[in-house]
Structure formats: structure tokens, C-alpha cells
Amino acid sequence: MIEHDVMIVGGGLAGSRAALEIAKSNPQFSVAIVAKTHPIRSHSVAAQGGMAATLKNVDDTDTWEAHAFDTVKGSDYLADQDAVAILTQEAPDVVIELEHMGVLFSRLPDGRIAQRAFGGHSHNRTCYAADKTGHAILHELVSNLRRYGVKIYDEWYVMRLILEEGQVKGLVMFHILDQRVEVVRAKAVMFATGGYGRVYNTTSNDYASTGDGLAMTAIAGLPLEDMEFVQFHPTGLYPVGVLISEAVRGEGAYLINSEGDRFMATYAPSRMELAPRDITSRAITREIRAGRGVNLDGSAGGPFVYLDLRHMGKEKIMSRVPFCWEEAHRLVGIDAVTQPMPVRPTIHYSMGGIPTNTDGRVRGSAEGLVEGFFAAGEAACVSVHGANRLGSNSLLECVVYGRRTGRAIAQYIQTRKLPEVNEQRYLTEAEQQIQGLINQPGQYRIAQIRQTFQDCMTEYCGVFRNESSMQEGLAKLQEIRQQAQQIYLDDKAKSWNTELIEALELQSLLIVGEMILTGALNRKESRGAHCREDYTERDDVNCLKHTLAYYSSAGVDIRSMPVTINMFQPQERKY
Ligand SMILES: Cc1cc2nc3c(=O)[nH]c(=O)nc-3n(C[C@H](O)[C@H](O)[C@H](O)COP(=O)(O)OP(=O)(O)OC[C@H]3O[C@@H](n4cnc5c(N)ncnc54)[C@H](O)[C@@H]3O)c2cc1C
């Protein structure tokens with residue numbers, strides 16, 4: 001059996017930052033990261049626009065309180081304000097620390113870190129490395145992991161969390177290369193497994209964003225928080241869904257409908273294109289529904305709107321957002337210097353996740369914590385984003401809460417012994433599960449079931465939602481789940497069996513989808529990214545609370561948890 005003091009699942013920004021903190025705190029600790037991709041292929045590497053912090057390099061009137069207020073207002077007052085205060089107070093420090101580790105941020109002419117405008121932020125506070133910020137940060141973190149001796153298991157798939165009597169004791173994983181199954185025991189396990197964009201049919205997320213960590217947590221009997229809040233990014237490149245960063249609008253690009261109007265004037269006159277994402281995504285969807293979208297031949301009534309950069313000029317486009325120019329050029333043949341880009345909303349981010357306190361300790365219920373289990377980053381819900389995340393606050397969350405969780409773990413393991421685990425039992429069960437899938441004489445292909453499922457989620461639980469369509473969606477989902485029991489695998493290989501991995505990921509997607517739909521059906525109000533056509537107003541009297549959803553094969557049980565409000569009282573949210 002493999003043993004470590006700490007086992008971290010996920011090599012993105014959150015997992016890497018935590019591992020580094022633990023390894024630096026005591027070289028004697030045995031710290032390991034396991035990831036189904038190579039760590040530098042984690043989705044964090046794709047982050048483009050930047051990371052918010054009140055460094056005051058561009059705007060010296062900015063304060064952490066202003067950043068906190070913007071974040072809470074952006075969250076539609078569902079964020080926990082103690083967690084937001086920590087996020088915004090620690091932000092300048094973590095950026096400077098990254099800079100000292102070697103991250104190459106873009107600069108002002110005087111050499112200080114440059115900062116740009118971003119949606120929902122009242123000051124220019126987003127630090128960036130052109131439009132490749134995640135790449136710049138993750139590469140530096142991962143090379144530091146090597147320097148501090150963190151053991152990396154790359155291309156291992158974690159398939160089960162070991163939870164017994166309220167204590168997390170380890171996990172079960174297999175090597176994608178040769179299907180070798182291993183049981184790992186550890187004094188602390190941390191999940192930093194990222195988001196679940198692949199639950200939907202059009203997403204900015206990578207293929208590995210399948211919500212495995214969320215599903216494993218739910219299967220173990222622990223709750224997930226606020227899963228109904230799914231972020232649609234306003235500007236996915238049509239038709240592929242790949243992200244065109246908000247940095248493009250931060251640098252001055254316009255959103256234009258088929259009539260040539262900057263339609264955001266109708267929806268958010270004071271912020272225009274830099275309104276928060278929930279508002280901008282709804283505005284685009286409404287324009288398209290009203291027939292003011294554009295077709296590929298330029299005629300009206302089509303499925304997208306234009307993102308227009310032409311007035312920004314070639315030099316600015318190529319120096320500030322070169323990667324977005326390249327994406328549009330390579331994927332849809334548009335030269336953004338002379339042509340507008342076709343965009344529409346794409347699934348981007350998960351506001352909900354594994355509930356934690358501000359030290360990254362996982363909650364087993366509204367009142368209690370789970371021994372030995374931590375989480376941070378997009379997989380976690382601490383909750384700093386509430387019902388809607390502001391752009392450039394997620395990289396920040398990964399680094400602030402990755403560091404804090406690392407510190408808390410380093411403290412926690414000092415007094416904890418390695419738990420006892422029945423290795424043989426877990427090995428046998430895992431091998432049976434894998435063989436069961438490989439030998440299953442089913443009738444459905446994985447891709448077919450996955451596509452039907454993704455279309456179902458997109459149709460019944462998208463930008464706009466209502467009771468009857470979500471009920472229909474849940475009924476369809478039950479059918480899809482039945483069919484998913486009857487998938488068959490063509491690939492029987494013992495090495496690099498990617499079909500087997502897709503089969504396991506499909507199980508994660510289905511569980512996460514059911515949690516999202518049930519949470520959305522249960523929340524009878526409109527708040528942030530959750531917009532109901534049958535309950536169009538926010539309802540602070542009945543619904544200003546977090547959802548805690550417990551999964552079982554018989555269905556999802558919904559409970560709630562209070563929101564921490566200690567700085568800003570809820571107000572009407574207008575921009
Ligand atoms: C295109 C794009 C651009 C973005 N731009 C920005 C931006 O400019 N600013 C901002 O603040 N945010 C941005 N975001 C959001 C932000 O990048 C993510 O929320 C954040 O990077 C998530 O980091 P993470 O460490 O939580 O997880 P990830 O980076 O997603 O890493 C997850 C890790 O978990 C591992 N893993 C998952 N399941 C398993 C399993 N079963 N077994 C083993 N390993 C597993 C993966 O291999 C991976 O290593 C962007 C997101 C996207 C998709």
C-alpha cells in the first residue's frame with residue numbers, strides 16, 4: 001500500500017499551491033500530488049485574463065473593501081462574507097509571492113505589475129500575463145513542486161475516496177498506463193479536482209473537466225453545496241465554445257447585435273460590456289431569442305452576436321490579447337483586426353462544490369467537519385462566489401485558499417497518525433469495478449450516451465430555467481442513467497485504455513448533472529447565474545441560504561446552510 005502524509009488530488013493551481021505550502025513548511029513531510037493529466041495540463045493552464053488583487057498600481061483609490069464589495073454584489077449576496085474578506089485581504093500578498101517565485105506578469109512602463117479592467121470590478125485591479133496568465137502561473141508552481149521534492153503521480157486516475165466512520169483515510173487510484181490499481185492511505189487527503197464543464201454540450205473547459213472529485217465526494221455520502229449555480233461565460237467562440245477571454249472586453253471590445261447596436265446599453269447602462277457574466281450572458285441570450293442574433297452570412301436571426309475589437313487597433317490587440325486573436329484565426333478563420341468575432345455564451349465555471357470552511361476543511365453537514373479531508377479551488381465551495389463569480393477571482397481563490405489549505409494541513413497532520421485501511425478489500429472492489437465495465441455486454445456506446453446527456457442538461461438546465469422543463473430534464477436523466485448501465489467498451493486493452501476512463505468519467509458527469517438539476521429545481525427564485533422564468537425575482541426571505549445536496553442512488557436529498565453576512569447587507573443588484 002502506498003503511504004503519504006498528504007495526498008492531493010489535482011495538479012492545477014489549487015493543488016499545486018497547497019502542496020508547495022506543505023512541503024516548504026517541513027521538508028520531512030511526505031507530500032504527493034496525483035493527477036489524471038500531467039499537472040501542467042490541468043485546466044488552470046488555459047486561464048487567460050488574469051487574477052484580481054488591490055495592488056493599486058493603476059488605481060490608487062482601490063481598497064480590499066471595494067474588492068470585497070464587488071465580489072459580494074457580484075455573488076448576488078450569496079457569498080460568505082468572512083471568506084470573501086480573507087480572499088480580498090490576502091490577494092496582494094499572494095500575487096507578490098507568485099512574482100517572487102518567478103511568474104512573469106505583464107508590466108507597466110515603470111516596471112510595476114500591470115492591472116486591467118474586468119467585469120463587475122469597480123477598479124482596474126486584474127493582474128495578468130498578456131492573455132496567458134494561467135500558463136505563466138502554473139508552469140512556475142509546478143517547477144517549484146519539483147524543487148521542494150513533492151512526489152507527482154501523473155496520469156493516474158483516482159476512482160474512490162476512502163471514507164469510514166466519518167474519517168477520510170485515503171483513496172483508490174489506477175495507473176492509466178497499465179491499469180495497476182493502488183490503495184493509498186494518508187493522514188490528510190485534499191481534493192483540488194477542478195470543475196465539470198463537460199456536463200454541458202458547449203464549454204470552455206478541457207476534456208478532463210468532468211467533476212470526478214465532486215462525484216466521489218457525493219458517492220461517499222458527503223454533501224455538495226450550491227450546485228445549481230453554473231456560470232455561462234458570455235463570449236464562447238461560435239460554434240466551438242472555446243473561450244474568448246473577458247480581458248478582450250476589459251481592453252475595450254464591444255458586443256454588437258445584428259442591427260449594429262451595442263445592446264448592453266439596455267441591460268447594464270453603467271457597466272456596458274463590463275457587467276458581470278450572469279447579466280451579460282442573459283443579455284446575449286435575450287438578443288438571440290429576439291431575432292437580433294447574427295448568421296454566418298451576416299444576416300439577422302442567427303445563433304450568435306459579434307464581439308468587435310476593430311476599433312482597438314492592431315497593436316493593442318496583438319500586445320494585450322494575442323492568444324484570443326490567434327484562437328479566432330486558427331479555429332474559425334476570423335482576423336479580429338479587421339472582422340468581428342462570432343460569440344455566444346458557453347459553460348465556464350462551477351460556483352458550487354465541496355463545502356469547506358476557510359481553512360479548506362470539508363464540511364460533512366451544516367454543523368460538522370470531516371476528519372482528514374480538505375478541498376480547495378474550483379472543486380470546493382468556500383463560498384466566495386455565491387451565485388455568480390466575477391472574472392479573475394477564481395485564479396485568486398485557487399492561490400489564496402490553496403495556500404491557506406496547505407497551511408491548515410501542515411498543522412493538522414502533526415498530531416494525526418496514519419489511519420488503518422483494509423487494502424485487500426479496496427483493491428478487490430476496484431478491480432471488480434474495472435473488469436465489470438470492460439466485460440459488460442451492453443448495447444450503447446459511451447459517446448452516444450454522453451452526447452444525449454449533455455444535450456439534455458443544456459436544453460433543460462441552461463441560462464433560463466423553469467419547473468416544467470427541469471422536471472422533464474430529470475425524467476430524461478433517469479432514462480439516460482438506465483442506458484448508461486448498458487454501455488459496452490470496444491477497447492479491452494490493459495494499457496492506455498481511454499475508453500475505460502471515459503466510462504468512469506461518464507458516471508461522474510451523470511451524478512453531477514443530477515445534483516445540478518435537483519438543486520436548480522429546488523431553488524424557487526432567480527439569483528445570480530440561476531435564472532428562473534417562473535420565479536423571476538430574488539427571494540431573500542425564503543432563499544437566502546446555501547443548498548446542501550446529499551446524493552444516493554434513490555435520489556438527491558436537499559438541505560440548507562446559513563449564509564455569513566457580516567459586512568454588506570443585501571441590496572437590489574443593478575449595474
Ligand atoms: C479557458 C478558461 C479560462 C479561464 N480564465 C480565467 C482567468 O483569466 N481568471 C480566473 O480567475 N479564472 C479563469 N478561469 C477559471 C480558472 O482557470 C479555474 O477555475 C481554475 O484554474 C481551476 O483550478 P483548480 O486547481 O481548481 O483545478 P484544475 O486546474 O481544473 O485542475 C484539476 C486537476 O484535477 C485533476 N483531476 C481531476 N479529476 C481527477 C481524477 N479522477 N483523478 C486524478 N486527477 C484528477 C486533473 O488532472 C487536474 O490536475 C478560466 C477557466 C477556463 C476554462
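Everything discussed here concerns the structure shown above.
Cut-offs used in this document
- The numbers attached to residues start from 1 for each chain and follow its sequence in the written order.
- Per-residue local features are limited, in this predicted model, to residues with pLDDT of at least 70; the limit for side-chain atom pairs, both in listing and counting, is 80 or more; totals at the level of whole chains, interfaces and linings are taken over all residues.
- As a rule here, side-chain values cover all heavy atoms of the structure and leave hydrogens and water aside.
- For the purposes of this analysis, a disulfide is any pair of cysteine sulfur atoms at a distance within 2.5 Å.
- Residue burial is assigned from relative accessible area. The probe radius is 1.4 Å, only protein chains are included, and a residue is buried under 20% of its type maximum, exposed over 50%, and partly exposed in between.
- Here, proximity means that at least one heavy atom of the residue falls within 4 Å of the molecule or strand.
- A 3.5 Å cut-off defines polar contacts: any pair of N or O atoms within that distance qualifies, except that in protein one atom must be a possible hydrogen donor and the other a possible acceptor, and neighbouring residues in sequence count only when both atoms are side-chain atoms.
- The Shrake-Rupley method, run with a 1.4 Å probe sphere, supplies the accessible areas, and residue values consider only the shown protein chains as cover.
- Helix and strand definitions here come from DSSP, where helices need a minimum of 4 consecutive H or I residues and strands a minimum of 2 consecutive E residues; each element is numbered from the N-terminal end.
- Residue polarity follows a fixed list, in which Ala, Val, Leu, Ile, Met, Phe, Trp, Tyr, Cys and Pro are nonpolar, Asp, Glu, Lys and Arg are charged, and the others, Gly among them, are polar.
- By this rule, a helix spans an expected 1.5 Å times one less than how many residues it contains.
- One axis fitted to the seven residues ending at a residue, another fitted to the seven starting there: the angle between these axes is the bend at that residue.
- Buried Ala, Val, Leu, Ile, Met, Phe, Trp, Tyr and Cys residues that are joined via side-chain atoms within 4.5 Å together make up what is termed a nonpolar core.
- Only heavy atoms enter the contact rule, under which two residues are in contact if any of them lie within 4.5 Å.
- Axis geometry follows a simple rule: fit a line to the C-alpha atoms, using only the stretch in contact for helices, then measure angles between N-to-C directions, giving values from 0 to 180 degrees.
- For classification purposes, angles smaller than 35 degrees are called roughly parallel, those larger than 145 roughly antiparallel, those between 65 and 115 roughly perpendicular, and all remaining angles oblique.
- Should DSSP find at least two bridges between two strands, the strands are regarded as paired.
- Each cavity reported here is a set of points on a 1 Å grid over the protein atoms alone in which a 1.4 Å probe fits but cannot get out, each pocket an open set with protein on both sides within 12 Å along at least five of seven lines, and each lining residue one with an atom within 4 Å of a point.
- Grid points are joined across faces, edges and corners, and a volume is the space filled by probe spheres set on the points.
- Counted as salt bridges are all cases of a side-chain nitrogen of Lys or Arg within 4 Å of a carboxyl oxygen of Asp or Glu.
- Pairing of aromatic rings covers Phe, Tyr and Trp, the last through its six-membered ring, and needs centres within 6.5 Å; plane angles under 30 degrees mean stacked, over 60 mean edge-to-face, and all others mean tilted.
- Any Lys NZ or Arg CZ that is within 6 Å of a ring centre and within 35 degrees of that ring's normal is treated as a charge sitting over the ring.

## Considerations on the state of the cysteines
Phase 1 of the analysis: Taken as a whole and assessed by the stated rule, the structure comprises zero disulfides.
Phase 2 of the analysis: The thiol sulfur of C127 is not disulfide-bonded, and the nearest other cysteine sulfur, from C398, lies at 15 Å.
Phase 3 of the analysis: Among the cysteines around C531, which has no disulfide bond, C461 carries the closest sulfur, lying 12 Å off.
Phase 4 of the analysis: Its relative accessible area of 9% is what places C531 among the buried residues.

## Structural notes on the site of the ligand
Phase 1 of the analysis: Within the structure, the ligand sits among 38 residues, and S42, H43, S44, G49 and E378 are positioned closest to it.
Phase 2 of the analysis: Contact distances for the ligand include 2.9 Å between an oxygen atom and a side-chain N or O atom of T37.
Phase 3 of the analysis: V158 places a main-chain nitrogen or oxygen 2.9 Å from a nitrogen atom of the ligand.
Phase 4 of the analysis: When isolated, the ligand has an accessible area of 1,000 Å², and the protein chains bury 97% of it.
Phase 5 of the analysis: When residues of the shell around the ligand are traced back to their parent elements, those giving at least two are α1 (13–25), β2 (31–35), β7 (156–164), β14 (341–350) and α11 (394–412).
Phase 6 of the analysis: Its residues placed into classes, the shell around the ligand shows 15 nonpolar, 19 polar and four charged.

## Description of helix α3 (residues 81–101)
Phase 1 of the analysis: For α3, built from 21 residues, the straight-helix expectation of 30 Å at 1.5 Å per residue is met to within 8% by its first-to-last C-alpha distance of 30 Å.
Phase 2 of the analysis: Along its length, α3 reaches its greatest deviation from straightness, about 45 degrees, at A91, and the proline P92 lies no more than four positions downstream.

## Considering the nonpolar core
Phase 1 of the analysis: Core analysis: the largest hydrophobic core is formed by 86 residues, its most contacted members being M173 and I516.
Phase 2 of the analysis: Sort the elements by how many residues they give to this core and helix α15 (residues 498–522) lands first, with 14 residues.
Phase 3 of the analysis: When sequence neighbours within four positions are dropped, the list of residues in contact with I516 reads Y196, V199, Y200, M227, E228, V230, M457 and C461.
Phase 4 of the analysis: Core analysis: the next-biggest nonpolar cluster, separate from the first, contains 61 residues, V94, L98, I409 and F568 among them.

## Some remarks on the packing of helix α13 (residues 446–460) against helix α14 (residues 467–484)
When two helices pack together, you describe them by how their axes are tilted relative to each other and by the distance separating the axes.
Phase 1 of the analysis: Two elements in contact, α13 and α14, have axes separated by 9 Å at closest approach and are oriented at 170 degrees. Considering their axes alone, α13 and α14 lie roughly antiparallel with respect to each other. The segment α13 lies against α14, with I449, T452, F453, C456 and Y460 engaging S469, M470, E472, G473, K476, L477, I480, Q483 and A484.

## Points about the sheet that holds strand β5 (residues 126–127)
Phase 1 of the analysis: Taken in spatial order, the three strands line up as β3-β5-β4 in an open sheet, and their pairing is antiparallel. The open sheet terminates on both sides in strands that have one partner only, identified here as β3 (51–52) and β4 (115–116).

## Some remarks on the side chain of R573
Phase 1 of the analysis: By the element assignment, R573 lies in the segment after β22 (555–562).
Phase 2 of the analysis: Among the polar contacts made by the side chain of R573, one reaches the main-chain carbonyl oxygen of K73 at a distance of 2.7 Å.
Phase 3 of the analysis: Among the polar contacts made by the side chain of R573, one reaches the side chain of Y575 at a distance of 3.5 Å.
Phase 4 of the analysis: Setting aside residues up to four positions removed in sequence, R573 forms contacts with K73, G74, D76, P276, D278, I279, N388, G528 and R538.

## Regarding the sheet that holds β22
Phase 1 of the analysis: Pairing within the open sheet is antiparallel, and its three strands lie in the order β10-β21-β22. Either end of the sheet is taken by a strand with one partner, and the two such strands are β10 (224–225) and β22.
Phase 2 of the analysis: The sheet contact formed by strand β21 (residues 545–552) and β22 spans eight bridges and is antiparallel. Residue Y550 lies in a different strand from β22, and its bridge partner there is D557.

## Examining helix α10 (residues 322–332)
Phase 1 of the analysis: Taken residue by residue, α10 has P322, C324, W325, E327 and A328 as its buried positions.
Phase 2 of the analysis: In this fold, the buried residues of α10 make contact with β11 (230–237), α6 (247–250), α9 (314–320) and β14.
Phase 3 of the analysis: A positive phi of about 70 degrees marks G333, the residue just after α10.

## Section: the layout of surface pockets
Phase 1 of the analysis: Estimates place the volume of the second largest pocket at around 800 Å³.
Phase 2 of the analysis: If you trace the second largest pocket, you find 34 residues lining it, with M159, I219, Q433, Q507 and I511 closest to the centre.
Phase 3 of the analysis: Sorting the residues of the lining of the second largest pocket by element identifies β7, α5 (212–219), α12 (423–439), α14 and α15 as the ones contributing at least two each.
Phase 4 of the analysis: A total of eight residues in the lining of the second largest pocket trace back to one element, the largest contributor, which is β7.

## Here we look at the pattern of salt bridges
Phase 1 of the analysis: According to the stated counting rule, one finds 50 salt bridges in the structure shown.
Phase 2 of the analysis: Residue D93 is joined to R403 by a salt bridge in which the shortest nitrogen-to-oxygen separation is 2.9 Å. Of this pair, D93 sits in helix α3 while R403 is found in helix α11, placing the two residues 310 residues apart along the sequence.
Phase 3 of the analysis: A salt bridge links R523 to E228; the shortest N-O distance between them is 2.7 Å. Taken together, the positions of R523 in the loop between α15 and β20 (531–532) and E228 in the loop between β10 and β11 put the pair 295 residues apart, joining distant regions of the chain. An identical accessibility class is assigned to R523 and E228; each is buried.
Phase 4 of the analysis: Within the structure, one salt-bridge network assembled from shared partners comprises D76, D226, E228, D278, R282, R523, E525, R527, R538, D540 and R573.

## Some thoughts on the packing of aromatic side chains
Phase 1 of the analysis: Under the criterion given, the structure shown has nine aromatic pairs.
Phase 2 of the analysis: Ring geometry for Y157 and F174: centres 5.7 Å apart, planes at 35 degrees, overall tilted. Here F174 lies in strand β8 (residues 167–175) and Y157 lies in strand β7, a separation of 17 residues in the sequence. F174 carries the same exposure label as Y157, and that label is buried.
Phase 3 of the analysis: When the ring centre of Y575 is taken as origin, the NZ or CZ atom of K73, which lies over that ring, is 4.2 Å away.

## A few points about the pairing of β21
Phase 1 of the analysis: A large share of β21 lies buried, amounting to six of its eight residues.
Phase 2 of the analysis: Between the antiparallel neighbours β21 and β22 lie two residues.

## Section: the pairing of β14
Phase 1 of the analysis: Summarising burial for β14: nine of the 10 residues are buried, a large majority.
Phase 2 of the analysis: Pairing of β11 with β14 involves six bridges; the strand directions are antiparallel. Residue pairing for β14: H233 is matched across the bridge by T346.
Phase 3 of the analysis: Across three bridges, strand β13 (residues 305–308) lies against β14 in antiparallel orientation. Bridge pairing links V305 to V343 in β14.

The values reported here are purely geometric and, on their own, carry no functional implication.
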